[in-house]
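Structural overview for review
Okay, here's what each chain looks like letter by letter:
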Amino acid sequence: MANKGNFEVFESKITKYVVTCWILAACGGLMFGYDIGISGGVTAMNSFLIKFFPTVYERKLQVKEDNYCKYDNHYLQLFTSSLYLAALVSSFLASKVCTKYGRKPTILVASSFFLLGAALSAAAEFIWMLILGRIALGIGIGFGNEVVPLFLSEIAPVQHRGAVNILFQLFVTIGILLANLVNYFTSGIHSWGWRLSLGLASIPACFLFVGSLVISETPTSLIERNHETEGLMTLKKIRGVENVDIEFEQIKIACERAREVKDPFKKLMKLSSMPLLVIAIMMQVFQQFTGINAIMFYAPVLFQTVGFENDASLLSAVIIGLVNVFSTLVSIYAVDKVGRRKLLLQACVQMFISQIAIGAILQAKLKSTNSLEEGLASIVVVLVCLFVMSFAWSWGPLGWLIPSEIFPLETRTLGYAFAVSSNMLFTFLIAQAFLSMMCHMRAFIFFFFACWIVVMGLFVLFLLPETKNVPIDIMVERVWKRHPIWKRFMDDESRTTYHSKNAGGDDIINDIEGKIREATNL
């Protein structure tokens, strides 16, 4: 075991098996990303609207649109967004399943519901089939988004935890890119193109289903459920080394501590848990208030203005999608080297400048019906890419990573469920309100989101501690009790929770650190 910046780095090797586990589990992100990308394209297909929303189709033909006001039907938006409401509710059920039965079965449930939802949606002949399909997809996403980041954080070595967890977001971006490409080609298939788009969602779900049968359960979940021998063997297998005694002891003590908490919700509602809960929820809320929706919406319009009129949608999907994917790779490389805070703060500066510049250009030059000059449009396209780039290596992936690594085991699945449900709630609200906001605010919508980015930067600067290289099971002692603001909330009650009934009143963290020092001196 090594020491890295006053934090423990347990001995481990990156083996083919553990990499396979990471990739297969991260297919949960592919599942989520594909659905994000596919829904908007499908609801824009005339054959889909004629079959299920004929009134919407007729009104769409009659409405007049301009550069800021696009056709906005709240019933159609509600249908699209209903998935997020199902995911919101199911994430809390997923937390129960996660704790009682383990991470691996929860991943199996997620993929099964998503397969069911994809089948119902693609085969739908009636609106009720379509709605049932959306609900099943939402449950699958709720379970998947709850368990996959937790699984990745628990199975990853501490020194690579950030990079491994961000595989989830990387697969989200790949899923969005693939969905946009699928929509582009299926939109030309009249009468059944929408079925193909929705049915292909079964492919990432199949990957995740197979993965749930191949991957190992996390050692933490096994030990928490009293399978200590299997947990030790699994820890040796995923670390690729035999010398895992100190890490095993740390997990074991964390599990003993978790068993003493009979009511995780009551524990989570105590003052000492508020810093963690606030950070987890606000990271997800702020992710939705970066303005990424406004940027993504305008991308095809801007590419048309530059001169790619016929292929604007495809080109926008490919260029923005590739920027998204490759910038997420930057985050995988940098997150465990430079830390979470620096990536977030740097991105706030870059996103703020991009939003202000785009808003200023559009406000000055783009009216309701005219087009931008080609030179200005090219500048805005570059600014859009710079914005997406900074989002993709910061608030996109770290919105999932940070909440998954900050909670102690006794409140981990429930606390993370609050984070996931917050993401789903605000995704739903933004989706419902965005087109109306844009129509009324016009270019000022970019300034609106720029103001939120300032708030986000201040939040990170003063309230978000660095969690890089901190073992997940001693995060409270090493991070929260040392933060200049949050330590005031960590009262004596939070410390007494860490006493083992069988340790004669000795402090658990001191016991762990004593074992670490002893092992280091061997």
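Remember, it's a predicted structure, so these values are computed and weren't measured experimentally.

One non-glycine residue, Ser191, adopts positive backbone phi at about 80°. Among the structural elements, Ser191 can be located in the loop between α7 (161–186) and α8 (193–199). Looking at Ser191, the relative accessible area reads 51%, which means it is exposed. Look at Asn469: it is not a glycine, yet its phi comes out positive at around 65°. By secondary structure assignment, the location of Asn469 is in the loop between α21 (444–463) and α22 (475–478).

Right, let's get into the packing of aromatic side chains. Scanning the entire structure with this criterion turns up 19 aromatic pairs. Aromatic pair Phe448 and Phe449: ring centres 5.2 Å apart, planes at 70°, arrangement edge-to-face. Owing to a relative accessible area of 1%, Phe449 belongs among the buried residues under this scheme. Linked through ring pairs, Phe286, Phe289, Trp395, Phe426, Trp452 and Phe459 together constitute an aromatic cluster. In this arrangement the basic side chain of Lys237 is found over the ring face of Tyr17, its NZ or CZ atom lying 4.2 Å from the centre.

This next bit is on the packing of helix α6 (residues 127–155) against helix α19 (residues 395–406). At a closest axis distance of 9 Å, the pairing of α6 and α19 adopts a crossing angle of 70°. If you check the angle between α6 and α19, you find them roughly perpendicular. Considering only the axes of α6 and α19, their crossing is right-handed. Contact with α6, carried on its side by Asn145, Pro149, Leu150 and Ser153, involves Trp400, Leu401 and Ser404 of α19 and no other residues of that element. Of the residues in the contact of α6 with α19, the class split is 4 nonpolar, 3 polar and no charged.

Glancing now at the nonpolar core. Among the nonpolar cores identified, the biggest contains 150 residues, and Phe48, Ile279, Met283, Trp395, Leu398, Met424 and Trp480 are the most heavily contacted of them. With 13 residues, helix α1 (residues 16–42) is the largest single contributor of residues to this core.

Right, let's get into α6. End to end, α6 covers 41 Å across 29 residues, agreeing with the expected 42 Å (1.5 Å per residue, within 8%). Taking burial as the measure, the 29 residues of α6 include 23 buried ones, the bulk of the element.

Given a rise of 1.5 Å per residue, 21 residues ought to cover 30 Å, and the 31 Å separating the end C-alpha atoms of helix α5 (residues 103–123) matches this to within 8%. Of all the residues in α5, the buried ones are Arg103, Thr106, Ile107, Ala110, Ser111, Phe114, Gly117, Ala118, Ser121 and Ala122. Here the buried residues of α5 occupy an arc of 135° about the axis, which is enough to place them on one side.

What follows deals with the pattern of salt bridges. By the definition in use, this model includes 16 salt bridges. Residue Arg103 is joined to Glu224 by a salt bridge in which the shortest nitrogen-to-oxygen separation is 3.9 Å. Of this pair, Arg103 sits in helix α5 while Glu224 sits in helix α10 (residues 219–224), and the two are 121 residues apart along the sequence. Across this residue pair, the class does not change: Arg103 and Glu224 are buried. Across the pair Glu405 and Arg161 runs a salt bridge, and its minimum N-O distance is 2.8 Å. Here Glu405, found in helix α19, pairs with Arg161, found in helix α7; they are 244 residues apart in sequence, far enough to count as distant. Classification of Arg161 as buried rests on a relative accessible area of 1%. Here the salt bridges share partners, and the residues they tie into one network are Arg103, Glu154, Glu224, Arg412 and Asp473.

Taken together, Val349, Phe352, Ile353, Ile356, Val454, Leu458, Leu461 and Phe462 make up a surface patch of nonpolar side chains, about 690 Å² in accessible area. For the nonpolar patch, the secondary structure elements donating two or more residues are α17 (340–365) and α21. Within the secondary structure, Leu461 is located in helix α21.

In this section: the packing of α6 against α7. Axis angle and axis distance: for two packed helices, these are the angle between their axes and the distance between the axes, and together they describe the pair. Two elements in contact, α6 and α7, have axes separated by 8 Å at closest approach and are oriented at 155°. In terms of orientation, α6 and α7 fall into the roughly antiparallel class. In the crossing of α6 with α7, the sense of the turn from one axis to the other is right-handed. Touching Asn145, Val148, Pro149, Leu152 and Ser153 of α6 are Arg161, Val164, Asn165 and Phe168, all from α7. The residue inventory of the contact of α6 with α7, partitioned by class, reads 5 nonpolar, 3 polar and 1 charged.

The next thing to look at is the environment of Asn46. Its location among the elements puts Asn46 in helix α2 (residues 46–52). Overall, the relative accessible area of 39% leaves Asn46 in the partly exposed class. When the C-alpha atoms of Asn46 and Lys60 are compared, they prove to be 9.8 Å apart, with 14 residues separating the residues in sequence.

Here we take up the side chain of Asp473. You can see Asp473 is positioned in the loop between α21 and α22. Reaching out from Asp473, the side chain makes a polar contact with the side chain of Arg412 at a distance of 3.0 Å. Setting aside chain neighbours within four positions, we find Asp473 in contact with Gln250, Ile251, Ala254, Arg257 and Arg412.

For Val214, the position within the fold is in helix α9 (residues 202–214). On the basis of relative accessible area, Val214 is assigned to the partly exposed category, the value being 40%. Separated by 190 residues in sequence, Val214 and Leu24 place their C-alpha atoms 8.3 Å apart.

Conventions adopted
The numbers attached to residues start from 1 for each chain and follow its sequence in the written order. In view of the model being predicted, local features appear only for residues whose pLDDT reaches at least 70, and side-chain atom pairs are presented and counted only at 80 or more, with totals across whole chains, interfaces and linings using the full set of residues. Excluding hydrogens and water, the side-chain values take into account all heavy atoms of the structure. Comment: elements are numbered from the N terminus, with helices defined as DSSP H or I runs of at least four residues and strands as E runs of at least two. Accessibility here uses a 1.4 Å probe with only protein chains present; expressed as a share of the type maximum, an area under 20% marks a residue as buried, one over 50% as exposed, and anything in between as partly exposed. Put simply, two rings from Phe, Tyr or Trp (the six-membered ring, in Trp's case) pair if the centres are within 6.5 Å, and we call them stacked under 30 degrees between planes, edge-to-face over 60, tilted for the rest. In this analysis the charged atom, NZ for Lys or CZ for Arg, is taken to sit over a ring once it is within 6 Å of the ring centre and within 35 degrees of the ring normal. Here, axes are lines fitted to C-alpha atoms. For helices the fit covers the stretch in contact, and angles between N-to-C directions go from 0 to 180 degrees. Working rule for angles: under 35 degrees goes down as roughly parallel, over 145 as roughly antiparallel, 65 to 115 as roughly perpendicular, anything else as oblique. Whether a crossing is left-handed or right-handed is set by the direction in which the near helix is turned from the far one by less than a right angle, anticlockwise for left-handed and clockwise for right-handed. Two residues form a contact once any of their heavy atoms are found within 4.5 Å. The classification used treats Ala, Val, Leu, Ile, Met, Phe, Trp, Tyr, Cys and Pro as nonpolar, Asp, Glu, Lys and Arg as charged, and all other residues, Gly among them, as polar. Each nonpolar core is a collection of buried residues, namely Ala, Val, Leu, Ile, Met, Phe, Trp, Tyr and Cys, held together in the definition by side-chain atoms within 4.5 Å. Take the residue count of a helix, subtract one, and multiply by 1.5 Å to get its expected span. When we speak of the arc, we mean the arc of directions from the helix axis to the C-beta atoms. Basic side-chain nitrogens of Lys or Arg form a salt bridge, by our definition, when they fall within 4 Å of a carboxyl oxygen of Asp or Glu. For patch building, the residue pool is restricted to those with more than 30% relative accessible area and no salt bridge; the joining distance is 9 Å between like charges and 5 Å between nonpolar side chains (Val, Leu, Ile, Met, Phe, Trp, Tyr). For the accessible areas, the method is Shrake-Rupley and the probe is 1.4 Å, while residue cover comes only from the protein chains on display. Definition of a polar contact: a pair of N or O atoms within 3.5 Å, with one able to donate and the other able to accept a hydrogen when the atoms are protein atoms, and with sequence-neighbouring residues admitted only if both atoms are side-chain atoms.

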